[in-house]
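Observations on the model geometry
What follows is each chain in one-letter form.
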Number of protein chains: 2
Amino acid sequence: MASSFEGATLRARSQPPVYQVKTAEPVVNSTAQRIRDTKYRHVFATHSTSRSSPLSQDAEKSPSFVGFRNLMVLVLIVSNLRLMIENFRKYGVLICIHCHDYKRQDVIYGLLLYLSVPLHLFVAFVIELCAVQQANGALARMQRARDAGDNNTPEAIRKAQKAFNSTWRIIALAHGINATMNLIIATTVVYYYIHHPGIGTLCELHAVIVWLKVCSYAFTNRDLRHALLHPNHAQPLPETYKSCPYPKNINMRNLCYFWWAPTLVYQPVYPRTTTIRWDFVAKRLLEVVGLSIVIWIASAQYAAPLLQNSLDKMFTLDFVSIIERVMKLSTISLFCWLCGFFALFQSFLNALAEVMKFGDREFYGDWWNVSSIRGYWTTWNKPVTNFMRRHVYSPLVGRGVPPALAQIIVFLLSGVLHELLVGVPTHNIIGVAFAGMMFQIPLILLTDTLQKMKGIRGKVAGNMIFWISFCLVGQPLAALLYFFAWQAKYGSVSKQYAESPAMHLFRRR
Amino acid sequence: MASSFEGATLRARSQPPVYQVKTAEPVVNSTAQRIRDTKYRHVFATHSTSRSSPLSQDAEKSPSFVGFRNLMVLVLIVSNLRLMIENFRKYGVLICIHCHDYKRQDVIYGLLLYLSVPLHLFVAFVIELCAVQQANGALARMQRARDAGDNNTPEAIRKAQKAFNSTWRIIALAHGINATMNLIIATTVVYYYIHHPGIGTLCELHAVIVWLKVCSYAFTNRDLRHALLHPNHAQPLPETYKSCPYPKNINMRNLCYFWWAPTLVYQPVYPRTTTIRWDFVAKRLLEVVGLSIVIWIASAQYAAPLLQNSLDKMFTLDFVSIIERVMKLSTISLFCWLCGFFALFQSFLNALAEVMKFGDREFYGDWWNVSSIRGYWTTWNKPVTNFMRRHVYSPLVGRGVPPALAQIIVFLLSGVLHELLVGVPTHNIIGVAFAGMMFQIPLILLTDTLQKMKGIRGKVAGNMIFWISFCLVGQPLAALLYFFAWQAKYGSVSKQYAESPAMHLFRRR
């Protein structure tokens, strides 16, 4: 029987199959070809080869997970939409255009600061004009000494240089006083006379930016002057500077360009674009406006009640609740931060650069992919990074300071600036922003070793540590602490909890 | 002046620079080389070329966003951890091992069903044994007719075939009755005698699996028999079947293998592995246990209170709240579904396949990446897809049914099975599962056109539509509806809302 079956199948394969209509099956509207193809469909060998499951470790290649990325986007949107419904049911609409309260005094002092702070740039300009005079005089003396004869030339030149060096310090002192006065005046006014933290932050930020610009202007022109006087002692100046050699660049037009250019490092010459694309500017400014509104809504409708109802947990030092609040706050603060980052570094600075025909638009790198905390701090804010590298880190290392120490000094300075920007406008110099910056140093050590240790896993772990420290522990906790400090000093809630354990921690002032 | 400056810089570049120590600057521990290199660091050209911002449209290539993927993972973890804290504060620990209530009757009936359902496979085996007898008889008659002489051979063969065809239908009828009885008995017992929906679902699932196996066994052997009797009429049988030709495969050992093999389609021969890796089996079983515990905790601690406190919203038809509940439920139901999918299709079926030395482990494809709903239904559950394709779709198309209609028939059958699996154990045949399956047909049409229309965007949009329909509208809404129907019929809450508008909708029975 079996042999006859095998013979039959073998025959079927060796001969071309001859089709015959079988009346037992209902054949409607079908061709002979189709029936022949599907005659044995029930016996089709579905399991014809050994295969492994896609998610098995046996699988030759691991499958793509791009669908799960889409799912994550979706789940994030849905779960936050849900929280928005919950928020709306609980609080209704909290956004209110007319009920923003700020004092008249705040606006007046803010405007005064806005107008007076740039004056320090012009003071720096005047100092530099004097320095040019001085340099020209020194150069003329050196020329005269050189012309006098070969015999006493080196001696005369050295004497002229020494005479110049004494005034060199006077110029440096003048710059130092001018720059420091800028910071002191602005900080004092903001701390004592501007109550509103928003206006205060804007004023302080403006002062810090101008301070950095003044410093860069002074440092760069000092080295340009040095290059003029000691042409043999150092590497050549950058090629691009040739179109505007040293004393020529000390003019009003050049200074005003630096004042408005989207950079903190002074160069006599910048890479420039040829035209202004006004449609580009308009789009970027629309982005700034749109994102500002989004941030305002997010903070008024979602962050404000969150901060408000975390106060009693803070006062009673209920740590599980504080952690829960920080977790909830982290999403909204992260969202605001990302919107703010895009609005400032992408939209606003690009618009400004376009108007100024400023060519180098690298205001940030792809910091979101960093695998070490160091990577984050060197890519997220390129204007400040460029300043710190050119005017603090490199000169320190050049003077023999070990690179690690130079880095710590950079972070110290950065910590002071962060504290100025957050602590002064909130009238609570509690050192959290400074401590946060200092905390970056051990984190850098940790993620640097992680980066070296492993392959792709170390990278992902480093990136995760960055995000955790950045958007979980860093931002929301700091926001909570400053908000709490503010409430403890000014808020109405504080009276109710006047004798709480947490209040004692903040009662030093 | 300017010319002398230019001369100086040109000289500096043409001559090798000669270093002189300058006493005005504090030089400590530094070599001449280092100072020369860093002398002009303040004048270093940070902005040397025009560059665009990474996120600009002007940028040559868009940056990687892998960091944001990590961030999404993190935000999802954190926001759900937060919800877990919130849940714990609200409900405490809801997980309880000893307080699970099920009736003694449920367990007894469940066990009886578990033992009796496979009997239908053996009945099918007996029917097939009879069919083999019949086929052998027909083959012998055909052989005898062929041996009798060349003159009347075709006539005699055709007569023998006709005689066989009459009994052919009797065999089909016997199989039909056997298979249908299986489903009817199991469904009746589950619906009327097993109260507990968990035990009921397991019993019904087991019955459906065995039903599909019985059908496949009958269909495949019918075609094998057909191939034996009509060797000239059709394409050759698959190569792999040659090692076990038709009547040989009708034996107890072969049947028992099919009974336990992780597939729903019968083949006389399957691709096999050579050894059993017991450590592999152990790992997979540990995964099953671990994931089952995780699913149990998730549903007891998170899904149960969610369902419970969405009841009053359902009763009062508060649609915004229902949407909010569905959104909250979607995350947890998705999580449970993914865990369940992995536990069943990856861990359990792989463990079973390893024990059975079953070679073809393709129990699922990468359905999470699908860009059309059709793709999902053909990849997420390959055992059922294989069954439907081999035993429903292909035979229908082969008999001249248009492919679109054949697909609709497949979905109809699938809808009935889904309703059996969900509606019967919950004692509420409300048709939601069936309607859900039917709703897939327009979705398939929509995503198919999307897939054709555009490039990568159409793919992402299709994937998003899949996820939304799957994990937002589909699963949690269905779970909510069946839970509500259950509560309306048995729950204590229903009395309180006896006259609610929603109750009338569910009061048909």
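Residues numbered from 1 in each chain as written. Chains lettered and ligands numbered in written order. Predicted model: local features only at pLDDT ≥ 70, side-chain atom pairs only at ≥ 80, totals over all residues. Heavy atoms only, no water.

Threshold: UniProt positions are given in the numbering used here, feature names are shortened, and annotations may be inferred rather than shown by experiment.
In the annotation of an unreviewed UniProt entry, chain A is listed under the name O-acyltransferase and assigned to Amniculicola lignicola CBS 123094. Per its UniProt entry, chain A bears the Subcellular location (unreviewed entry) comment "Endoplasmic reticulum membrane". Checking UniProt for chain A, the heading Function (unreviewed entry) contains the comment "Sterol O-acyltransferase that catalyzes the formation of stery esters."

**Observations regarding the UniProt feature "active site" (unreviewed entry) in chain A**
Residue and element names in this part refer to chain A. The cut-off we apply is this: In this description a helix means any DSSP run of H or I spanning at least four residues, a strand means any run of E spanning at least two, and both kinds are numbered starting from the N terminus. Each residue is placed in one exposure class: buried if its accessible area under a 1.4 Å probe, protein chains only, is under 20% of its type's maximum, exposed if it is over 50%, and partly exposed if it falls in between. The contact criterion used is simple: two residues touch if any of their non-hydrogen atoms lie within 4.5 Å.
Here the UniProt-annotated "active site" (unreviewed entry) positions come out as H418. Here H418 shows up in helix α15 (residues 403–423). What makes H418 partly exposed here is its relative accessible area of 26%. Not counting chain neighbours up to four residues away, the residues in contact with H418 comprise W377, G423, A433 and M437.

**Topic: the pattern of salt bridges**
What counts, and what does not: Counted as salt bridges are all cases of a side-chain nitrogen of Lys or Arg within 4 Å of a carboxyl oxygen of Asp or Glu.
Throughout the structure, instances matching the rule amount to 28 salt bridges over all chains. Notably, a salt bridge pairs D360 of chain B with R51 of chain A, separated by 2.6 Å at the nearest N-O pair. Linking D360 of chain B in the loop between α12 (319–355) and α13 (373–379) with R51 of chain A in the loop between α2 (32–38) and α3 (66–91), this pair reaches from one chain into another. Between E324 of chain B and R325 of chain B there is a salt bridge whose closest N-O contact spans 2.9 Å. Accessibility expressed as a relative area gives 9% for E324 of chain B, which makes it buried. Judged by its relative accessible area of 10%, R325 of chain B is buried. Each of the salt bridges in this network shares a partner with another, and the network as a whole consists of R51 of chain A together with D360, E362 and K382 of chain B.

**Let's talk about the environment of L417 of chain A**
Residue and element names in this part refer to chain A. Looking at where L417 falls in the secondary structure, it is placed in helix α15. Separated by 209 residues in sequence, L417 and V208 have C-alpha atoms that sit 7.6 Å apart. The contact partners of L417, leaving out residues within four places of it in the chain, are V208, W211, L212 and M388.

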